[in-house]
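# Per-entry structural report
Residues per chain are reported as follows:
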Amino acid sequence: MGKDGSNVSSREMFQRVRARLRAAVGEDVYNSWFARLELEEVVDDLAHLSVPTRFLCSWVQSNYSEKILEAFQAELGALNRLHFTVRVNGQARPRLPQPDQEIEIEDTKQNAVPAAPRLVRETMTQAPRGDALSGSALDPKMTFDTFVSGAPNEMALQVAKQVAHAAANNAVSFNPVYVHSSVGLGKSHLLNAIAWAAGAAEPGRNIVYLTADHFMYHFITAVQRQSALGFKEWLRRVDLLLIDDMQFLQGKSATEFGHTLGTLLTGAKQVVVAGDAPPRDLEMLDERVRSRLSGGLVVPITTFDLDLRKAIVTRRAEQATLRFADAHFPPAVIDYIARVVVSHGRDLDGAVNRLLAANQLTKEPITVSLAERTLADLVRSRDARRVRIEDILRIVSRHYKVPRNDLLSSRRSRDVVRPRQIAMYLAKALTSRSLPEIGRRFGGRDHTTVLHSVRKVEQMMKDDGDLAQEIELLKRMLEE
């Protein structure tokens, strides 16, 4: 099905793929990463997709290629490969990879000139002309108005509002601020909200929001282009710097962040950082950097209680009703979701989206019965303890008597390689982290190395019953 075939059927098929992606990841994630994804053509078993920026291309390929492929395969069973390119002036060259290339990112930009540093009010609403010296995209839905507060996150919300108010008035408050929680509890929402509020109150302020991945991408690109000094100067001229997903910062990028943090704090510039663990547990950072972060205001967001979960589901149901007038969420359904989906806020959003999709596709009313069938996997996992990669490293290190640093090192001796592979397998089996994320947490390894380790351990478990029992024991230790 190429471009010279049925364009209409290709478009209709891709709309169904989009609908599947939207239902799988939720409205907010879909709008952030998939809204600008376009299908160029399908040839044999390969789909050629394009996006407007190289960063978006890299992010989607690294984090969502499996979900995209699954959505395509649900519509076209014979499709097995994806090919990503970056559009230039709204067009992507349809040059497809060779048969042995499964997923590829092609940069079609011609002598792209890095865009000058831009104010957050511009960078958060449109893609930069180049990928250098620009902030990560902000989500327009993540504002203080849309943030649902309760006892577990009230302090973090008030601190965020205070920071935004102070930044808008050219002042500094609680510097640095470090917000930490497990996944899906609202850290990114608060950082986005700070940027929106501070930028709206004072458009001339130089406000930059960066995910750790984007920070590393900027730094590596600057080094490759021999413009590292310009990158450092750009960062150190900001008035408000917001860094998200701090736990993913690795290597020289982490060192550079430490230098930047010191310079900004010395210059009385506001810094807000979010991560999934307290500063003391960020072992990829220098001790002095951890000390600086700990010396500011450290604010935890705790696991959502029933009242907050119910408030979030109620708000999401109201928003869904505004979009689809015939969708009605009875109080009993809202209570059911709040009681059984206890993992995190994103699962609550996903639960509402799933029910909405089921209602709109089948026209079946939204009832507790429909919720029980549609949300079965979320309900089954509600009592499971959240396992962190740090927990896995600690348990595996202790069980096999291998120092934690060796598990993260490049050592290839058998007494280190096997425990490392088992730890990667457990990270994939027991956490929601993607392969690239797991690779970064294991000493900056490539996602293909993680995939090889997972498959290797799965095969060893089939061949060795004792090893399979040993790994099941490790799983129980981590889940207790």
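Predicted model only: the values in this text are computed from it and were never measured.

### Focus: the overall build of the chain
Helix and strand content of the chain: 21 helices and 9 strands. Counting only residues that meet the buried cut, the chain has 52% of its 480 residues in that class. A sequence separation of at least 24 residues applies to 70% of the contacts in the chain between residues at least 6 apart. Summed over all atoms, the accessible surface of the chain reaches about 22,300 Å², with 49% contributed by carbon and sulfur.

### Structural notes on the side chain of Ser-188
Along the chain, Ser-188 turns up in helix H6 (residues 187-201). Take Ser-188: its relative accessible area is 17%, and that puts it in the buried class. There is a polar contact of 2.5 Å between the side chain of Ser-188 and the side chain of Asp-244. If near-sequence neighbours (up to four positions away) are discounted, Ser-188 is found in contact with Met-142, Tyr-209 and Asp-244.

### Things to note about the environment of Phe-329
As for its position among the elements, Phe-329 is in the loop between helix H11 (306-323) and helix H12 (331-340). In the structure, Phe-329 is positioned 13 residues away from Arg-316 in sequence and 10.0 Å away in space, judged by C-alpha atoms. Setting aside residues no more than four positions away along its own chain, Phe-329 makes contact with Ala-317, Ala-320, Ile-334, Val-352, Leu-355, Leu-356 and Ile-366.

### What to know about the environment of Leu-138
As for its placement among the helices and strands, Leu-138 is situated in the loop between helix H4 (120-123) and helix H5 (154-168). Placed 58 residues apart in sequence, Leu-138 and Trp-196 show a C-alpha to C-alpha distance of 8.3 Å.

### Some remarks on helix H21 (residues 465-479)
If you check H21, its first and last C-alpha atoms are 21 Å apart, about what 15 residues at 1.5 Å a residue would give, namely 21 Å. Of all the residues in H21, the buried ones are Leu-467, Ala-468, Ile-471, Leu-474, Lys-475 and Leu-478. All buried residues of H21 lie within an arc of 120° about the axis, which places them on one face of the element. For H21, exposure combined with an orientation more than 90 degrees from the buried face picks out Asp-466 and Gln-469. Among the structural elements, helix H16 (389-400), helix H18 (414-430) and helix H20 (447-463) are those in contact with the buried residues of H21.

### Some details on the pairing of strand S7 (residues 240-244)
Summarising burial for S7: 5 of the 5 residues are buried, a large majority. Here strand S6 (residues 207-211) runs beside S7; their pairing, made up of 5 bridges, is parallel. Bridge pairing in S7 links Tyr-209 to Leu-242.

### Examining the pattern of salt bridges
The tally for this structure, following the rule as stated, stands at 18 salt bridges. For Arg-411, the salt bridge is made with Asp-406, and the minimal N-O distance between the two is 2.9 Å. Taking relative accessible area as the criterion, Arg-411 reaches 38% and is therefore assigned partly exposed. Counted as one network, the salt bridges with shared partners bring together Asp-276, Glu-390, Arg-404, Arg-433 and Arg-441.

Basis of the calculations
- Residue numbers restart at each chain and count upward from 1, following the sequence in its written direction.
- This being a predicted model, a pLDDT of at least 70 is required before a residue's local features are given, and a value of 80 or more before pairs of side-chain atoms are given or counted; all residues contribute to the totals for chains, interfaces and linings.
- Working from all heavy atoms in the structure, the side-chain values ignore hydrogens and water.
- Under the DSSP-based scheme used, a helix requires at least four consecutive residues in state H or I and a strand at least two consecutive residues in state E, with every element numbered from the N terminus.
- Burial here depends on accessible area, computed with a 1.4 Å probe over protein chains only, as a share of the maximum for the residue type. Under 20% is buried, over 50% is exposed, and the range in between is partly exposed.
- What makes two residues a contact is simply this: any of their non-hydrogen atoms within 4.5 Å.
- Residue exposure ignores everything except the shown protein chains as possible cover, and the areas themselves are Shrake-Rupley values with a 1.4 Å probe.
- Polar contacts here mean pairs of N or O atoms no more than 3.5 Å apart (in protein, one a potential hydrogen donor and the other a potential acceptor; neighbouring residues in sequence count only if both atoms are side-chain atoms).
- To estimate how far a helix should extend, the number of its residues minus one is multiplied by 1.5 Å.
- The directions from the helix axis to the C-beta atoms form the arc being described.
- Being paired, for any two strands, means DSSP has found at least two bridges between them.
- Any carboxyl oxygen of Asp or Glu within 4 Å of a side-chain nitrogen of Lys or Arg constitutes a salt bridge here.

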